[in-house]
Amino acid sequence: MKHLIFKYFNFLIAATLLSSCGLYGKYHRSENVNTQGLIRDLTSDVDTLVGNTDENFGNLPWREVFTDPQLQSLIEKALENNTDLRNAALNVKMMETALAVSKLAFLPSLTFAPQGTISRVQMDGASTNKTYQLPIAASWNLDLFGNLLSQKRAAQSQLLATKDYQVAVKTNIICGIANLYYTLMMLDEQLAIVTDMESLTKETWDMMKLQMELGRARSTSVLSAEASYYSVQTQRATIKQQIREMENSMSLLLNEAGHKIERGSFYNQSLPTKFSAGVGIQLLSNRADVHAAEMQLADCFYDVETARSRFYPNITVSGTAMFTNSLGGAVVNPGKWLLSAVGSLTQPIFAHGQLVAGLKVAKAQEEQAFNTWQNTILKAGNEVSNALLAYNTNDEKSQLEAKRVKALEQTVIDTRQLYTSKGSTYLEVIQAQSNFLNARITKVSDDLNKMQAVVSLYQALGGGSK
């Protein structure tokens with residue numbers, strides 16, 4: 001008997017040493033992930049951008065990027081009231097609770113189940129017997145093979161992924177508010193342009209009517225000028241509708257009913273113009289969605305560890321301490337303590353292939369998570385590249401449109417003067433005005449696209465988390 005007990009304790013010591021020596025290790029980032037060439041150079045099809053990670057544009061606090069006081073106030077209100085962000089915070093709390101539960105699994109479970117009995121034999125002079133039991137039972141699962149440990153680490157990874165989701169929601173809200181804010185100001189600018197053009201087309205219409213009264217113009221020219229005037233009014237009505245819709249969308253992000261949004265002037269905005277994108281590894285630590293995908297990979301890694309641990313014995317130690325006055329058929333008064341302890345070991349031998357299948361499934365899911373993580377990294381690089389390209393392209397287009405607007409403005413002045421001296425036709429006047437209007441609106445759109453490219457780049461680099 002002593003020899004068997006000695007061998008049993010040797011087995012427990014050996015199992016403990018295996019566990020402490022890292023039978024199931026921690027997750028480490030794979031060296032097989034591809035982070036090279038994530039961000040394309042703007043002018044070369046071969047080179048890729050490599051910036052100073054310490055100056056990464058995405059590391060700037062959002063208040064240093066969006067400096068408009070009214071915009072800052074809207075962002076702060078959205079971060080406080082937005083429903084999606086509130087729900088994300090609740091998800092974090094739920095995962096924190098799940099992690100706390102997984103940590104408590106290492107402690108023994110305790111139960112208390114008191115019992116009392118009153119019995120009496122139906123005989124003359126028989127007394128009533130009163131017995132009671134006050135048992136406390138404890139059960140402890142010895143985690144010698146990492147089952148509980150891997151589940152706890154999986155819960156930690158899930159918590160980190162949930163926090164990453166919260167950060168991603170925050171970033172989306174900040175950048176969404178900024179985009180809507182700049183769009184509203186762009187529409188204000190376009191409305192001002194169309195209002196000015198409405199006055200100009202009305203003057204042209206009046207001029208045509210005067211020319212017809214003097215016999216210098218036909219009725220068709222008057223009708224064309226009138227149609228041009230109504231066309232501009234139609235554009236004005238469309239822009240006013242778009243403004244209301246944008247305000248309603250902004251109000252929804254603020255978790256409020258639709259209302260007017262106070263805002264500044266479109267061309268008084270100040271946004272950064274020089275950017276450092278950083279190298280690929282920076283995206284891994286700064287992008288919340290990229291890090292969340294990696295944490296999902298870590299979760300799957302620990303699921304594999306959990307599945308592997310099920311092949312090993314399950315060792316449970318149970319104990320009972322009971323204060324009772326009933327020991328078998330005898331009744332003892334006062335009560336006494338009854339103590340017992342039991343150790344059990346369960347080793348799976350044949351489980352219909354479920355353990356093997358579970359391990360294979362867990363490994364396949366881990367491989368899927370790695371593929372998803374890799375793809376998320378590549379998508380992040382594409383988003384940065386596209387945002388940089390959009391900024392530079394729209395900056396170039398805006399400069400060209402500015403020159404075009406200046407030329408078309410002079411064209412309108414010249415054609416109107418030539419028309420009064422019969423040097424041009426009414427069609428040339430109307431066409432010049434139409435081209436001038438479209439060029440001004442296009443330039444404002446390009447300037448908006450340039451602003452939104454800054455916002456997209458900030459979002460693509462994981463901005464808004466600080």
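This structure is a prediction, so every number in the text was calculated from the model and none was measured. (Residues numbered from 1 in each chain as written. Predicted model: local features only at pLDDT ≥ 70, side-chain atom pairs only at ≥ 80, totals over all residues. Heavy atoms only, no water.)

Peer 1: Would you take a moment to explain the overall build of the chain for this structure?
Peer 2: Scanning the chain from N- to C-terminus turns up 10 helices and five strands. Per-residue burial over the chain gives 38% buried out of 466 residues. Considering only residue pairs separated by 6 or more positions, the chain has 82% of its internal contacts joining residues 24 or more positions apart. Surface exposure of the chain reaches about 26300 Å², of which carbon and sulfur atoms provide 55%. (Helix = DSSP H or I, 4+ residues; strand = E, 2+ residues; numbered from the N terminus. Buried < 20%, exposed > 50% of the residue type's maximum accessible area, 1.4 Å probe, protein only. Contact = heavy atoms within 4.5 Å. Areas by Shrake-Rupley, 256 points an atom, 1.4 Å probe, with all protein chains shown as cover.)

Peer 1: What should I look at first to understand unusual backbone geometry in this one?
Peer 2: It is generally the case that most residues other than glycine have a negative phi and that most peptide bonds are trans. Even without being a glycine, Asn255 presents a positive backbone phi close to 60°. Within the fold, Asn255 resides in the loop between α6 (219-253) and α7 (280-286).

Peer 1: Where do I start with the side chain of Ser150 in this structure?
Peer 2: For Ser150, the location among the structural elements is in helix α5 (residues 147-213). In terms of polar contacts, Ser150 uses its side chain to reach the backbone carbonyl oxygen of Asn147, at 2.9 Å. Those residues in contact with Ser150 that lie beyond four places of it in its chain are Tyr302, Glu305 and Thr306. (Polar contact = N/O pair within 3.5 Å; in protein donor to acceptor, adjacent residues only side chain to side chain.)

Peer 1: Is there a simple way to think about the environment of Thr220 in this case?
Peer 2: Within the element layout of this structure, Thr220 appears in helix α6. A relative accessible area of 41% means that Thr220 is categorised as partly exposed. For Thr220 and Met208, which are 12 residues apart along the polypeptide, the C-alpha to C-alpha distance reads 9.7 Å.

Peer 1: Explanation requested: a nonpolar patch on the surface in the structure shown.
Peer 2: There is a patch of nonpolar side chains on the surface, built from Leu110, Phe112, Leu134 and Ile136 and spanning about 410 Å² of accessible area. Contributing elements (two or more residues each) for the nonpolar patch: β1 (109-112) and β3 (128-142). Locating Leu134 in the fold gives a position in strand β3. By relative accessible area, which is 35% here, Leu134 ends up partly exposed. (Patch = residues over 30% accessible without salt bridge, like charges linked within 9 Å, V, L, I, M, F, W, Y side chains within 5 Å. Salt bridge = Lys/Arg side-chain N within 4 Å of Asp/Glu carboxyl O.)

Peer 1: Got a minute to help me understand the environment of Ser231 in this structure?
Peer 2: When you line up the elements, Ser231 lands in helix α6. C-alpha of Ser231 to C-alpha of Ser434: the two residues are 203 residues apart in sequence and 9.9 Å apart in space.

Peer 1: Help me understand the environment of Thr320, please; the structure alone is not making it clear to me.
Peer 2: By secondary structure assignment, the location of Thr320 is in strand β4 (residues 314-327). By relative accessible area, Thr320 is classed as partly exposed at 29%. Remark: the alpha-carbon pair of Thr320 and Leu339, spanning 19 residues in sequence, is separated by 5.8 Å. Not counting residues up to four positions away in its chain, the partners in contact with Thr320 are Ile136, Ala137, Leu338, Leu339 and Ser340.

Peer 1: It is not clear to me how the nonpolar core should be interpreted in this structure. Could you clarify?
Peer 2: Grouped burial of nonpolar side chains is what soluble globular proteins tend to show. The biggest cluster of nonpolar side chains holds 58 residues, and the ones touching the most others in it are Phe66, Leu71, Ile177, Tyr182 and Met250. Elements with a contribution of two residues or more to this core: α2 (62-65), α3 (69-81), α4 (83-104), α5, α6, α9 (354-420) and α10 (426-460). Looking at this core, the element that brings in the most residues is α5, giving 18 residues. With sequence-adjacent residues up to four places away left out, Phe66 is seen in contact with Leu71, Gln72, Ile75, Ile174, Ala178, Tyr182, Leu271, Val455 and Tyr458. If you look at the next biggest cluster of nonpolar residues, it comprises 14 residues, including Tyr27, Leu297, Trp373 and Ala380. (Core = buried A, V, L, I, M, F, W, Y, C linked by side-chain atoms within 4.5 Å.)

Peer 1: Just checking my understanding: could you explain helix α8 (residues 288-309) for this structure?
Peer 2: Residue pairs three or four apart in sequence face the same way in an α-helix, which turns once every 3.6 residues. End to end, α8 covers 31 Å across 22 residues, agreeing with the expected 32 Å (1.5 Å per residue, within 8%). Burial within α8 is extensive, with 17 of its 22 residues counted as buried. (Expected span 1.5 Å × (residues − 1).)

Peer 1: For this particular structure, what's the right way to read the packing of aromatic side chains?
Peer 2: Two descriptors summarise a pair of aromatic rings, namely the distance from one centre to the other and the angle between the planes of the rings. Under the definition given, this model contains 11 aromatic pairs. For the ring pair Tyr181 and Tyr182, a centre distance of 6.1 Å and an interplane angle of 65° mean the geometry is edge-to-face. Each member of the pair, Tyr181 together with Tyr182, is buried. Every member of this aromatic cluster is reached through a ring pair, and the members are Tyr27, Phe301 and Tyr302. When the ring centre of Trp205 is taken as reference, the NZ or CZ atom of Lys209 above it lies at 4.5 Å. (Phe/Tyr/Trp six-rings, centres within 6.5 Å; stacked < 30°, edge-to-face > 60°. Lys NZ or Arg CZ within 6 Å of the ring centre and 35° of its normal.)

Peer 1: How should I be thinking about α4 in this particular structure?
Peer 2: Taking 1.5 Å of rise per residue, 22 residues should cover 32 Å, and α4 covers 32 Å from first to last C-alpha, within 8% of that figure. Leu85, Ala88, Val92, Met95, Leu99 and Ser102 are the residues of α4 that are buried. Angularly, the buried residues of α4 cover 85° about the axis, an arc narrow enough to put them on a single face. Those residues of α4 that are exposed and aimed more than 90 degrees away from the buried face are Lys93, Met94, Val101 and Leu104. If you check the start of α4, you find a side-chain oxygen 3.0 Å away from the backbone N of Asp84, and it comes from Asn82. (Arc of directions from axis to C-beta.)

Peer 1: Looking at this structure, I do not really get the pattern of salt bridges. What am I missing?
Peer 2: Side-chain pairs of opposite charge can arise whenever the charged atoms involved come near each other. The tally for this structure, following the rule as stated, stands at 15 salt bridges. Across the salt bridge formed by Arg263 and Asp188, the nearest N and O atoms sit 2.5 Å from each other. Of this pair, Arg263 sits in the loop between α6 and α7 while Asp188 sits in helix α5, and the two are 75 residues apart along the sequence. Two residues, Glu305 and Arg308, come together in a salt bridge whose shortest N-O distance is 2.9 Å. Here the residue Glu305 and the residue Arg308 both occupy positions in helix α8, the gap between them amounting to three residues, near one helical turn. What makes Arg308 partly exposed here is its relative accessible area of 27%. Overlapping salt bridges, with partners in common, bring together Asp188, Glu247 and Arg263 in one network.

Peer 1: Just checking my understanding: could you explain the confidence of the model for the chain for this structure?
Peer 2: Regions with low pLDDT carry predicted coordinates that are not meant to be interpreted in detail. When pLDDT is averaged along the chain, the result is 81, and 82% of the positions lie at 70 or above. Within the chain, the lowest mean pLDDT, 47, falls on helix α1 (residues 2-20), and the highest, 94, falls on α3. The low-confidence segment residues 15-22, where pLDDT is below 50, has six contacts with residues more than four positions distant or belonging to other chains. Note that residues 50-54 has pLDDT below 50 and, in this model, nine contacts with residues that lie over four places away or in other chains. (pLDDT = per-residue confidence, 0-100.)

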